[in-house]
Amino acid sequence: METEKSLEVKSYKVYYKTFNGHVRAVDGVDLNVHQGEIVGLIGESGCGKSTLAQSIILLRPPMEYMGGSVILNGRYDLTKMSPEKRKEIMLKEIALIPQYALDALPIIKKIRVFVNDLARDKGFNEKELLEIFKERLRQVNLTERILDMYPLELSGGMKQRVVIAVSTLFRPRLLIADEPASALDVVTQRQVLELLKQLRDDGIVGSLLFITHDIASIVQIADKIATMYAGKVVEVGSAETIIKEPQHPYTFLLINSIPLLGVSYKEKRLTGLGGAPPNLLNPPSGCRFHPRCPYAMPKCSEEQPPLTNLGEGHSVFCWLYERG
Amino acid sequence: MLKPDKGADKIHDFFAKRLSKMFKFTESITWILLKRNVKFWICASIIAIVLSLTLIGPCLTPYRPLDVTTPRLPPLSSGSPFGTDNLGYDVFSATVYGLRVSLMVGLIAAVIATAIGTILGLIAGYKGGLADSIIDGATNILIALPAAFIMIMVGAFYLQMGEAPSALREIRNMAFLGSMIGILMWHWTAKAVRSHVAALKISDYVIVSKLSGNSDLKIILKEIIPNIASYIILVFVIQLANALVTIVTLEFLGIKASDWSLFARVMQWLQMGVLHAHLWWVFLIPGAIIVAFIASLYLIVLSLDEVFNPRLRRV
Amino acid sequence: MSLKIYLAKRAIVYFIVFVVSITIVWFLARFAPGDPALTALMRFMMAPGVRYTEEQIAIFKQRAIEMLGLNLPIHEQYILFWRNLLTGDWGYSTYFSAPVIEKLIEVASYDLLLIAPAILVSWFLGNWMGAIAARQKTADRILMPIIYILTATPYFLFGLVMVYIFGVVYNVFKPTITTIDITGIFHNPNPETLANFLRAYTLPFISLVLVSMGGWASGMRTLMIYELESNYAKYMEALGFSSRRISSYAFRYAINPQISGLGIQLGTVIIAGLALSSIFNYPGAGIALIYAINYRDIFLIQGIAIFYTLMVIAANFIIDLFYILMDPRLRLGFMG
């Protein structure tokens, strides 16, 4: 039996409204996250992954919902929800670790006061919530001392962990982490990644959607990996498969852009990716990757490739794999 | 046979370049946003109307400010579109002549404040170090000074008031008053310009320009000034509005550059009891005009700010 | 650096500013063309209506010079000035025929009665109004034009309109106040003097409040809009905080510049209060100033300048103190 899906995104479209037209940041995305899974979403800057995360949590101008559905925990359609209901389920069913996490805590309040205010707004007993928060702090390796500090007194890594503690207070079934480790040093990065995995293992977090441009970090904890390019998901598969046998040219080139440990350049040269991400105001016709794709065929510029199921949860959108 | 005129060619090129730059601008986002901004156009028209009043107003009225005609005429009477007061002074001519004086003093003050402020701000922001500390100190002292009282003392005792009206003396007074106000107002500009310039100084293209061996003066002229030019214009408009408010208040207290100063006359009228005589147009019309003008100046700056600053836009 | 050292530094700065300002005022008064001080003192000494010979005038002039210390070297004059100031000898007002210090205290207490509450009320009301305009678009549409017209109206013009409508046309309030209206209630408290006081006090008070309010409201509005778009506001919304709570946090951020703004504006607002009260003939420094300017009463003008400068600087210092205590960054010693 299939495990329950905590997130089911179908044909989801979110555009940015600008004076020059619509920027098609998320253009028909299908994505699933099952309970207990860690799904990594990778892609370049500007491919729409952050827009995806932000629009799921909170859709605000200039973002505009253009179609599709986002079903949370099999029950809530986030695209049709009223703002009141949304506030209710925030933090309980779904939580966010934002890209600007280092900036996310208001500096004018001590951490303790912030959590107390949260308790009051959520209709919770302040003391109880504080106890839960203290436990979270322990789980993220912070002492209770920070409760009486202001956010400016904390280092980047500490702030990140406080945000994780706050966002996981109510044991969310789905946690979306948007570049949680990008602004940190390598050592702290690893700690944060390990922490997120631990939280999932301990059941504090039901499932995790992890968004980043850094493949190296995703490999360490993801069960499943999805690649996104120019507003569309191009490949999905288990972490091992994607890393060892990437099928989509874009994924392939991405993985091979990483220097391998122990391999000198004489043995294997880095290929890298030529060109630049496309302008999402006027995306390329057909498959959006075709201008940069070394395997492009004439068909690629004419039609968008359909989904091709390669078995065992591995699917790809590419004309190279079209089965008759 | 006619030979092509090199001079005409040069002039043609000059305008062609400018016009094509203007057209490029009209396609830009700024222009599109500006066109839609209703506030901007209303205020710009108000300003244009008031300015034309000051420029051609005097030609439209047969009376001079101190001429006496029929008393207690309400507005829209023939010959006295703004009415007259209880002694027969024509309000329209008092307004248009008076506005000239007040606006001129305000303009002088704003120009001086903006000029001094910009230059000092540029030096402080660009050179940094000792120059910055000195200018910063001067700015802080100026901010804390009770400028109003200084203006009152200078205005009360240092302006020359003679019995007979003299154009030369009035012009001297206007310049003096305007300069004094300007000298007490520049600190605001200097602070703002300084922070802008300091931020620009460490931007990449300035560093590149420096590495290319350009002298400091050239960098300031070519890189920094074009980038703060629009900001300076906004600052100037705000300074003008502030200066006008100051001048009107000073005139009201009795410190005037000329006997024709608009709000000095309004004060006189008040003391002559126009309020109790129910001659409301005597203070309301000049008042409304100056309020509309000052408000438009502020609003224009606000609408331009909305256009340039994305966070303030309510799209 | 610790809080105490920072405060001490600020106090020194304010003190220096005070000394510099007073020196400038003294300088302007001392070197005013036409020697108005001399003239004033002479006028005081000579009986009106009597014609004096040239020699007698010269004797008066000599006596006046000696009294003012004008025959002393300039630095000694400066020291004399400070000595007089600190011992309460602020000169003599020729217009009111009374020592300046007496008149000043009288006038300043009435001004305090009017202007201090007006400043506080307008600041609180204005910020509240601006915050509402920022939070709700519907309120914004109505409030914004009101705010801007209020900002741009020079104080006294607003006062004039108020006086005309509510004083002359609809005789609700008194258009011209006499001193008794204000002092009556303090000498003789009873319902009648209270009613009289209110009739006289309300108009100038409301005018001052309404016009200052506009400035604060517009500033607060811009600041709040800016804050509501910041990262912490977005995070709080993602956490499910109520909009009320988010607004109150944003307000807490936005209020900081408004507090320092109050300090900066204080001088202007006080002057505006003076100008405004003069329209209503309120017995404050405004009216005194107008008479003094017209009459070239140098000692009174100088006295008002010094006294009110001191008030403004003191108020600025208090606000500075308050600001320092409120900002956690400064409290923890991160800045300064």
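This is a predicted model, so every value here is computed, not measured.

(A) Region of interest: the overall build of chain B. Helix and strand counts for chain B come out as twelve helices and zero strands. Seen in sequence order, chain B has helices and strands lined up from the N terminus as α-α-α-α-α-α-α-α-α-α-α-α. Counting every position in chain B, which comprises 315 residues, the buried fraction comes to 41%. Sequence-distant contacts, at least 24 apart, represent 73% of the contacts inside chain B between residues at least 6 apart.

(B) Highlighting the sheet that holds strand β4 (residues 63–72) of chain A. Residue and element names in this part refer to chain A. Pairing is antiparallel in the open sheet, where four strands are placed in the order β2-β1-β4-β5. Strands with a single pairing partner mark the edges of an open sheet, and in this sheet they are β2 (21–34) and β5 (76–77). In this structure, β4 lies alongside β5, joined through two bridges in antiparallel fashion. Bridging across to β5, I71 finds its partner in D77.

(C) Structural detail: the pairing of strand β3 (residues 38–42) of chain A. All names here are of chain A. Among the five residues in β3, five count as buried, and that is most of the element. Every second residue of β3 is oriented toward a common face, with I38, G40 and I42 on one face and V39 and L41 on the other, all of them buried. Relative to strand β8 (residues 207–212), β3 is paired through five bridges, and the arrangement is parallel. When the bridges of β8 are listed, L41 appears paired with I211. When β3 meets strand β9 (residues 224–229), the two strands line up parallel, connected through four bridges. Across the sheet, the residue bridging to L41 is A226, located in β9.

(D) A look at the interface of chain B and chain C. Taken together, the contact pairs 34 residues of chain B with 42 residues of chain C. Within the residue set of the side of chain B that touches chain C, elements represented by two or more residues are α5 (129–144), α6 (147–158), α10 (216–253) and α12 (281–308) of chain B. In terms of residue count, the dominant contributor to the side of chain B that touches chain C is α6(B) (nine residues). Each residue belonging to the side of chain B that touches chain C can be placed in one class, and the counts come to 28 nonpolar, five polar and one charged.

(E) Focus on helix α10 (residues 231–239) of chain C. A large share of α10(C) lies buried, amounting to seven of its nine residues. When α10(C) is considered as a whole, its buried residues turn out to be Y232(C), K234(C), Y235(C), M236(C), E237(C), A238(C) and L239(C). Elements in contact with the buried residues of α10(C): α1 (49–57), β6 (94–97), α3 (111–122) and α5 (156–167) of chain A together with α11 (243–279) of chain C. Backbone geometry just after α10(C) places G240(C) at a positive phi near 95°.

(F) Main features of the nonpolar core. Counting residues in each nonpolar core, the largest one holds 264 residues, and the members touching the most others are L209(A), F210(A), M153(B), M224(C), I301(C) and I304(C). With 16 residues, the single largest contributor to this core is helix α4 (residues 91–127) of chain B. For this core, the domains that each give at least three residues are domain 1 (5–93 + 173–321) and domain 2 (107–171) of chain A. Sequence-distant contacts of I304(C), that is, excluding residues within four places in its chain, are made with L104(C), A285(C), A288(C) and L289(C).

(G) Structural view of the interface of chain C and chain A. Residue-level contacts link 15 residues of chain C with 20 residues of chain A. Contributions of two or more residues to the side of chain C that touches chain A are made by α10, α11 and α14 (328–331) of chain C. The greatest single-element share of the side of chain C that touches chain A, amounting to six residues, is contributed by α10(C).

(H) Quick peek at the pairing of β6(A). Residue and element names in this part refer to chain A. In β6, alternate side chains face the same way, and those of I94 and L96 on one face and A95 and I97 on the other are all buried. Looking at chain direction, β6 and strand β7 (residues 174–178) are connected through four bridges and run parallel. Considered in β7, the bridge of L96 is made with I176.

(I) Region of the structure containing the environment of V312(C). By the secondary structure assignment, V312(C) is in helix α13 (residues 298–326). Those residues in contact with V312(C) that sit more than four places away from it in its chain are P146(B), L266(C), G267(C) and I270(C).

(J) Here's a closer look at the packing of α10(B) against α12(B). All names here are of chain B. Two elements in contact, α10 and α12, have axes whose closest approach is 9 Å; the angle formed by their N-to-C orientations is 155°. The orientation of α10 with respect to α12, classified from their angle, is roughly antiparallel. As α10 packs across α12, the resulting crossing turns out to be left-handed. Of the residues in α12, those in contact with L234, V237, I238, L240, A241, L244, V245 and V248 of α10 are I290, I294, L297, Y298, I300, V301 and L304. Class assignment of the residues belonging to the contact of α10 with α12 gives a composition of 15 nonpolar, no polar and no charged.

(K) Representation of the confidence of the model for chain B in the model. With 90% of its residues at a pLDDT of at least 70, chain B reaches an overall mean of 79. Predicted confidence in chain B is weakest over helix α1 (residues 6–27) of chain B, with a mean pLDDT of 69, and strongest over α4(B), with 88.

(L) How the structure looks around the sheet that holds β6(A). Residues and elements named next belong to chain A. The mixed open sheet is built from eight strands, whose spatial order is β6-β7-β8-β3-β9-β10-β12-β11. The open sheet has two edge strands with one neighbour each: β6 and β11 (307–309). Shown here is a sheet whose adjacent strand axes are inclined to one another by a mean of 20°, direction ignored. Its contacts with the sheet place α5 against β6 and β7, and it is angled at close to 175° to β6.

(M) Just α1(A), in detail. Of all nine residues in α1(A), nine are buried, a share of seventy percent or more. All buried positions along α1(A) are accounted for by K49(A), S50(A), T51(A), L52(A), A53(A), Q54(A), S55(A), I56(A) and I57(A).

(N) Representation of unusual backbone geometry in the model. Unlike most non-glycine residues, R171(A) shows phi in positive territory, near 50°. Residue E179(A) is not a glycine yet carries a positive backbone phi of 45°.

(O) Geometry of the environment of D9(B). Note that D9(B) resides in helix α1. Considering only alpha carbons, one finds D9(B) and W31(B), 22 residues apart in sequence, at a separation of 30 Å.

(P) How the structure looks around the packing of α4(B) against α5(B). Residue and element names in this part refer to chain B. Between α4 and α5, the least distance of the axes is 7 Å, while the angle of their chain directions is 140°. Looking at the two axes, α4 sits oblique to α5. At the point where α4 passes α5, the crossing takes the left-handed sense. Contacts from L120, I123, A124 and K127 of α4 reach α5 at G129, A131, D132, I135 and D136.

Rules and cut-offs
- Along each chain, residues carry numbers from 1 onward, in the same order as the chain's sequence is written.
- Chain A is the first chain written and ligand 1 is the first ligand written, with later ones labelled in order.
- At least 70 in pLDDT is required for a residue's local features to be given in this predicted model, at least 80 for side-chain atom pairs to be given and counted, and no such filter applies to totals for whole chains, interfaces and linings, which use all residues.
- Where helices and strands are cited, they refer to DSSP runs of H or I of at least four residues and of E of at least two residues respectively, numbered from the N terminus.
- Burial is judged by counting other C-beta atoms within 10 Å of a residue's own C-beta: 20 or more means buried, 12 or fewer means exposed, and anything between counts as partly exposed, with every C-beta placed from the backbone.
- We call two residues in contact whenever the C-beta atoms placed from their backbones are within 7 Å.
- At least two DSSP bridges between two strands are required for those strands to pair.
- Side-chain classes are defined by residue name, with Ala, Val, Leu, Ile, Met, Phe, Trp, Tyr, Cys and Pro counting as nonpolar, Asp, Glu, Lys and Arg as charged, and the others, Gly among them, as polar.
- Put simply, a nonpolar core is buried Ala, Val, Leu, Ile, Met, Phe, Trp, Tyr and Cys residues tied into one set by C-beta atoms within 7 Å.
- Domain start and stop positions are those given by an automatic or database domain assignment.
- Between N-to-C directions, angles cover 0 to 180 degrees, with each direction set by a line fitted to C-alpha atoms, over the stretch in contact for helices.
- Oblique is the label for any angle not covered by the other classes, which are roughly parallel (under 35 degrees), roughly antiparallel (over 145) and roughly perpendicular (65 to 115).
- Note: crossing handedness is left-handed where the near helix turns anticlockwise from the far helix by less than a right angle, and right-handed where it turns clockwise.
- Confidence of the predictor at the level of single residues is given by pLDDT, which spans 0 to 100.

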